[in-house]
Amino acid sequence: QVQLVESGGGLAQAGGSLRLSCAASGSIFSINAMGWYRQAPGKQRELVADITVGGNTNYVDSVKGRFTISRDNAKNTVYLQMNSLKPEDTAVYLCNAVMSSSGSFRWKDYWGHGTQVTVSS
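These figures come from a predicted structure and were not determined experimentally.

Trainee: Please clarify how the sheet that holds strand β8 (residues 77-82) should be interpreted in this entry.
Mentor: Backbone-to-backbone hydrogen bonds pair the strands of a sheet. The strands run either parallel or antiparallel. Spatial ordering of the open sheet is given by β1-β3-β8-β7, a layout of four strands whose pairing is antiparallel. Each edge of the open sheet is held by one strand with a lone partner, namely β1 (2-7) and β7 (67-72). Across this sheet, the average inter-strand angle for adjacent strands is 15 degrees, counted without regard to direction.

Pasting the structure below:
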(Lines give C-alpha, C1' and ligand atoms only; values in the text may rest on other atoms or scores of the structure.)
Protein backbone atom coordinates (compact mmCIF):
# COMPACT_ATOMS: atom_id res chain seq x y z
CA GLN A 1 0.00 0.00 0.00
CA VAL A 2 1.36 3.38 -1.05
CA GLN A 3 0.01 6.61 0.38
CA LEU A 4 0.61 10.35 0.56
CA VAL A 5 0.02 12.28 3.76
CA GLU A 6 -0.08 16.08 3.78
CA SER A 7 0.53 18.38 6.72
CA GLY A 8 1.03 22.05 7.39
CA GLY A 9 -2.21 23.64 6.30
CA GLY A 10 -4.14 26.08 8.44
CA LEU A 11 -5.14 29.68 8.79
CA ALA A 12 -2.92 32.60 7.79
CA GLN A 13 -3.39 36.31 7.35
CA ALA A 14 -2.89 37.96 4.00
CA GLY A 15 0.81 38.54 3.49
CA GLY A 16 1.70 35.65 5.76
CA SER A 17 3.35 32.31 5.10
CA LEU A 18 2.62 28.63 5.42
CA ARG A 19 4.65 25.55 4.57
CA LEU A 20 3.01 22.37 3.37
CA SER A 21 4.65 18.96 3.51
CA CYS A 22 3.67 15.72 1.85
CA ALA A 23 5.33 12.44 2.69
CA ALA A 24 5.01 9.30 0.62
CA SER A 25 5.10 6.01 2.46
CA GLY A 26 4.45 2.33 1.96
CA SER A 27 5.80 -0.17 -0.54
CA ILE A 28 7.35 2.43 -2.83
CA PHE A 29 9.63 1.26 -5.61
CA SER A 30 10.24 4.63 -7.26
CA ILE A 31 8.86 8.19 -7.32
CA ASN A 32 8.72 10.30 -10.45
CA ALA A 33 7.17 13.78 -10.49
CA MET A 34 5.56 15.24 -7.38
CA GLY A 35 3.30 18.24 -7.14
CA TRP A 36 0.65 20.27 -5.42
CA TYR A 37 -2.84 20.99 -6.69
CA ARG A 38 -5.56 23.08 -5.12
CA GLN A 39 -9.32 23.21 -5.29
CA ALA A 40 -11.41 26.11 -4.06
CA PRO A 41 -15.19 25.83 -3.55
CA GLY A 42 -17.00 25.99 -6.88
CA LYS A 43 -13.77 25.94 -8.87
CA GLN A 44 -11.90 23.32 -10.81
CA ARG A 45 -8.83 21.67 -9.39
CA GLU A 46 -5.71 23.39 -10.65
CA LEU A 47 -2.03 22.56 -10.67
CA VAL A 48 -0.15 24.90 -8.33
CA ALA A 49 3.37 23.58 -8.82
CA ASP A 50 5.23 20.41 -9.67
CA ILE A 51 8.79 19.18 -9.54
CA THR A 52 10.66 16.44 -11.37
CA VAL A 53 13.08 13.98 -9.83
CA GLY A 54 15.89 16.16 -11.10
CA GLY A 55 14.47 19.27 -9.50
CA ASN A 56 12.94 21.03 -12.49
CA THR A 57 9.93 23.06 -11.36
CA ASN A 58 6.78 24.44 -12.88
CA TYR A 59 4.33 26.94 -11.37
CA VAL A 60 0.94 28.33 -12.21
CA ASP A 61 1.31 32.04 -13.05
CA SER A 62 -0.70 33.21 -10.05
CA VAL A 63 1.85 31.86 -7.55
CA LYS A 64 5.12 32.59 -9.35
CA GLY A 65 7.47 34.55 -7.14
CA ARG A 66 5.46 33.71 -4.00
CA PHE A 67 5.45 29.90 -3.75
CA THR A 68 8.42 27.54 -3.87
CA ILE A 69 8.19 23.79 -4.37
CA SER A 70 11.01 21.52 -3.29
CA ARG A 71 11.56 17.86 -2.56
CA ASP A 72 13.76 15.64 -0.44
CA ASN A 73 14.18 12.42 -2.39
CA ALA A 74 15.81 10.66 0.56
CA LYS A 75 12.70 11.32 2.64
CA ASN A 76 10.17 10.81 -0.19
CA THR A 77 8.77 14.22 0.72
CA VAL A 78 7.66 17.25 -1.24
CA TYR A 79 7.22 20.71 0.23
CA LEU A 80 5.39 23.87 -0.75
CA GLN A 81 6.59 27.09 0.84
CA MET A 82 3.87 29.69 0.43
CA ASN A 83 4.77 33.33 1.06
CA SER A 84 2.87 36.57 0.55
CA LEU A 85 -0.38 34.66 0.82
CA LYS A 86 -3.54 36.17 -0.61
CA PRO A 87 -7.20 35.43 0.19
CA GLU A 88 -7.53 33.92 -3.29
CA ASP A 89 -5.03 31.24 -2.27
CA THR A 90 -7.70 29.80 0.02
CA ALA A 91 -8.37 26.22 -1.05
CA VAL A 92 -7.84 22.58 -0.23
CA TYR A 93 -4.30 21.72 -1.27
CA LEU A 94 -3.71 18.20 -2.51
CA CYS A 95 -0.43 16.42 -2.93
CA ASN A 96 0.12 14.34 -6.05
CA ALA A 97 2.91 11.95 -6.98
CA VAL A 98 3.59 9.58 -9.83
CA MET A 99 4.95 6.47 -8.17
CA SER A 100 5.49 2.81 -8.74
CA SER A 101 5.02 0.30 -5.97
CA SER A 102 7.13 -2.73 -5.25
CA GLY A 103 4.11 -4.86 -6.12
CA SER A 104 3.35 -3.71 -9.66
CA PHE A 105 6.30 -1.56 -10.82
CA ARG A 106 3.85 0.43 -12.98
CA TRP A 107 3.69 4.22 -12.80
CA LYS A 108 0.48 5.38 -11.19
CA ASP A 109 -0.99 8.68 -9.98
CA TYR A 110 -1.41 8.90 -6.22
CA TRP A 111 -3.24 11.60 -4.27
CA GLY A 112 -3.27 12.73 -0.70
CA HIS A 113 -6.49 13.55 1.12
CA GLY A 114 -5.80 17.28 1.09
CA THR A 115 -5.10 19.96 3.64
CA GLN A 116 -7.11 23.16 4.06
CA VAL A 117 -5.40 26.51 3.60
CA THR A 118 -7.42 29.57 4.58
CA VAL A 119 -6.09 33.09 4.09
CA SER A 120 -7.93 35.93 5.79
CA SER A 121 -7.84 39.50 4.53
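Once you've had a look at it, read on.
Trainee: Help me out: how do you make sense of the pattern of salt bridges in this one?
Mentor: If charged atoms from side chains of opposite charge come close, those side chains can pair. Applying the stated criterion across every chain yields a total of four salt bridges. A salt bridge links Arg-66 to Asp-89; its shortest N-O distance comes to 2.8 Å. Pair noted here: Arg-66 is in the loop between β6 (57-59) and β7 and Asp-89 is in the loop between β8 and β9 (91-101), with a separation of 23 residues, a long-range link. The same class applies to Arg-66 as to Asp-89, namely buried. Residues joined in a network through salt bridges with shared partners are Arg-38, Glu-46, Arg-66 and Asp-89.

Trainee: Hey, could you run me through the state of the cysteines in this one?
Mentor: As used in these notes, a disulfide is a covalent bond between sulfur atoms, one from each of two cysteines. The final tally for this structure, using the stated rule, is one disulfide. A sulfur-sulfur distance of 2.0 Å marks the disulfide that ties Cys-22 to Cys-95. Where Cys-22 bonds to Cys-95 through sulfur, the torsion about that S-S bond is close to -85 degrees, and the disulfide is left-handed. Of this pair, Cys-22 sits in strand β3 (residues 18-26) while Cys-95 sits in strand β9, and the two are 73 residues apart along the sequence. Judged by its relative accessible area of 0%, Cys-95 is buried.

Trainee: Just checking my understanding: could you explain the packing of aromatic side chains for this structure?
Mentor: In this description, an aromatic ring pair is defined by two values, namely the gap between the centres and the angle between the planes. Tallied over the full model, the rule gives two aromatic pairs. Ring centres of Phe-29 and Phe-105 lie 4.8 Å apart, and the angle between their planes is 90 degrees; on these two criteria the pair is classed as edge-to-face. Note that Phe-29 is positioned in strand β4 (residues 28-39) and Phe-105 in the loop between β9 and β10 (108-111), a separation of 76 residues in sequence. A relative accessible area of 54% places Phe-29 in the exposed class. The exposure class of Phe-105 is partly exposed, given its relative accessible area of 48%. Judged by centre distance (4.9 Å) and plane angle (65 degrees), the rings of Tyr-37 and Trp-111 are edge-to-face. With Tyr-37 in strand β4 and Trp-111 in strand β10, the pair connects residues that are 74 residues apart, well separated along the chain.

Rules and cut-offs
- Residues numbered from 1 in each chain as written.
- Predicted model: local features only at pLDDT ≥ 70, side-chain atom pairs only at ≥ 80, totals over all residues.
- Heavy atoms only, no water.
- Pairing = 2+ DSSP bridges.
- Helix = DSSP H or I, 4+ residues; strand = E, 2+ residues; numbered from the N terminus.
- Axes fitted to C-alpha atoms, helices over the stretch in contact; angles between N-to-C directions.
- Salt bridge = Lys/Arg side-chain N within 4 Å of Asp/Glu carboxyl O.
- Buried < 20%, exposed > 50% of the residue type's maximum accessible area, 1.4 Å probe, protein only.
- Disulfide = S-S within 2.5 Å.
- Phe/Tyr/Trp six-rings, centres within 6.5 Å; stacked < 30°, edge-to-face > 60°.

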